[in-house]
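Take a look at the letters that make up each chain.
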Amino acid sequence: MTQTDTPMNEDGVPEDFSPATWRGGFGNQVGPIYQRFSDDGTWARGFLVGERHTNGFQNCHGGMLMAFADMAFGSVVTYEKHRFWVTVRLVTDFVSSAALGEFVQGNASVTGEDGDFITVRGHIWTGGNDPAGPDGRTLMTGTGLFKMLGERPGESPLLAARG
């Protein structure tokens, strides 16, 4: 499904995304941040590039993409391990830019686990839910190391989506 084929709400956010709930802090400052959980077990975080996210060229500022990569890549610990986490290391490569008004998505997969440490590989893109689709454009790739903390309360939204 491409971004042009994806039904969007009046704000330019894909209809299959819902607002992520933040208890406060940084996510509320740079958001709103959205999330999508699919029946096939895939997920993504997302945000719509607004004026406050841009640099002088009206593209998404690299600092916002880095902050979003931290949130998107670390979310794999939230969704798949149902634990709180902190970032130990985040290494990213900028590949392309996102323009004002584009919807940016990101996710990650676990590549290793050693005790309470999780290594992930992440991907940030725009152009629809399928980054490999005809409108998909990679913005950033990277890896991260996250330390898992305590168990999160309630049910994992990813496990709930999987049924």
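Residues numbered from 1 in each chain as written. Predicted model: local features only at pLDDT ≥ 70, side-chain atom pairs only at ≥ 80, totals over all residues. Heavy atoms only, no water.

Further remarks concern the overall build of the chain. A tally of helices and strands in the chain yields three helices and seven strands. Listing the helices and strands of the chain from first to last along the sequence gives β-α-β-β-α-β-β-β-β-α. Within the chain, the fraction of its 163 residues that count as buried is 42%. Of all intrachain contacts in the chain linking residues separated by at least 6 positions in sequence, the fraction that spans at least 24 positions is 62%. (Helix = DSSP H or I, 4+ residues; strand = E, 2+ residues; numbered from the N terminus. Buried < 20%, exposed > 50% of the residue type's maximum accessible area, 1.4 Å probe, protein only. Contact = heavy atoms within 4.5 Å.)

For the structure on display, the rule yields four salt bridges. Of the charged contacts in the structure, one is a salt bridge between Lys81 and Glu113, with a shortest N-O distance of 2.8 Å. A residue pair is termed long-range when its members are at least 10 positions apart, and Lys81 in helix 2 (residues 62-81) and Glu113 in strand 5 (residues 103-114) qualify at 32 residues. Of the residues examined, Glu113 reaches a relative accessible area of 47% and is grouped as partly exposed. Where Glu102 meets Arg137, a salt bridge forms, and the shortest distance between an N and an O atom there is 2.9 Å. With Glu102 in the loop between strand 4 (83-94) and strand 5 and Arg137 in strand 7 (residues 137-151), the pair connects residues that are 35 residues apart, well separated along the chain. A single network of salt bridges, built from pairs that share partners, joins Arg83, Asp116 and Lys147. (Salt bridge = Lys/Arg side-chain N within 4 Å of Asp/Glu carboxyl O.)

Moving on: the pairing of strand 3 (residues 43-48). With five of six residues buried, strand 3 is to be regarded as a mostly interior element. One ladder, built from four bridges, connects strand 2 (residues 34-37) with strand 3; its direction is antiparallel. The partner of Tyr34 across the bridge, within strand 3, is Gly46. Hairpin geometry of strand 2 and strand 3 is characterised by an intervening segment of five residues between the two adjacent antiparallel strands and by a positive phi of about 90° at Gly41. Relative to strand 5, strand 3 runs antiparallel, the two being bridged by four bridges. Each residue of the ladder has a partner; that of Arg45, found in strand 5, is Gly106. (Pairing = 2+ DSSP bridges.)

To continue, consider the side chain of Arg36. By the secondary structure assignment, Arg36 is in strand 2. Asp16 is the oppositely charged side chain nearest to the buried, salt-bridge-free Arg36, at an N-O distance of 4.1 Å. A polar contact of 3.0 Å, which involves the side chain of Arg36, links it to the side chain of Ser38. There is a polar contact of 3.3 Å between the side chain of Arg36 and the side chain of Gln105. In this structure Arg36 touches Asp16, Phe17, Thr42, Trp43, Ala44, Gln105, Trp125 and Asn129, once residues within four positions along its chain are discounted. (Lys, Arg positive; Asp, Glu negative; His and termini not counted. Polar contact = N/O pair within 3.5 Å; in protein donor to acceptor, adjacent residues only side chain to side chain.)

Moving on, we get to the nonpolar core. One finds Phe47, Leu65, Phe73, Val104 and Ile124 to be the most contacted residues of the largest nonpolar core, which totals 28 residues. Elements that contribute at least two residues to this core include exactly strand 3, helix 2, strand 5, strand 6 (117-126) and strand 7. Among the elements that line this core, the one with the most residues is helix 2, at 11 residues. Apart from residues lying up to four places away in sequence, Phe73 is in contact with Leu90, Thr92, Asn107, Ala108, Val120, Gly122, His123, Ile124, Thr141, Gly142, Thr143 and Phe146. Counting six residues, the second largest nonpolar core, distinct from the first, contains Phe17, Tyr34, Phe103 and Trp125. (Core = buried A, V, L, I, M, F, W, Y, C linked by side-chain atoms within 4.5 Å.)

To continue, consider the sheet that holds strand 1 (residues 18-19). With antiparallel pairing, seven strands are arranged side by side in an open sheet as 1-2-3-5-6-7-4. Every other strand in the sheet has two partners, leaving strand 1 and strand 4 as the edge strands with one partner each. Here strand 1 pairs with strand 2 via two bridges, running antiparallel. What sits directly across from Pro19, in strand 2, is Tyr34. Lying over the sheet, helix 2 contacts strand 2, strand 3, strand 4, strand 5, strand 6 and strand 7, oriented at roughly 135° with respect to strand 4. (Axes fitted to C-alpha atoms, helices over the stretch in contact; angles between N-to-C directions.)

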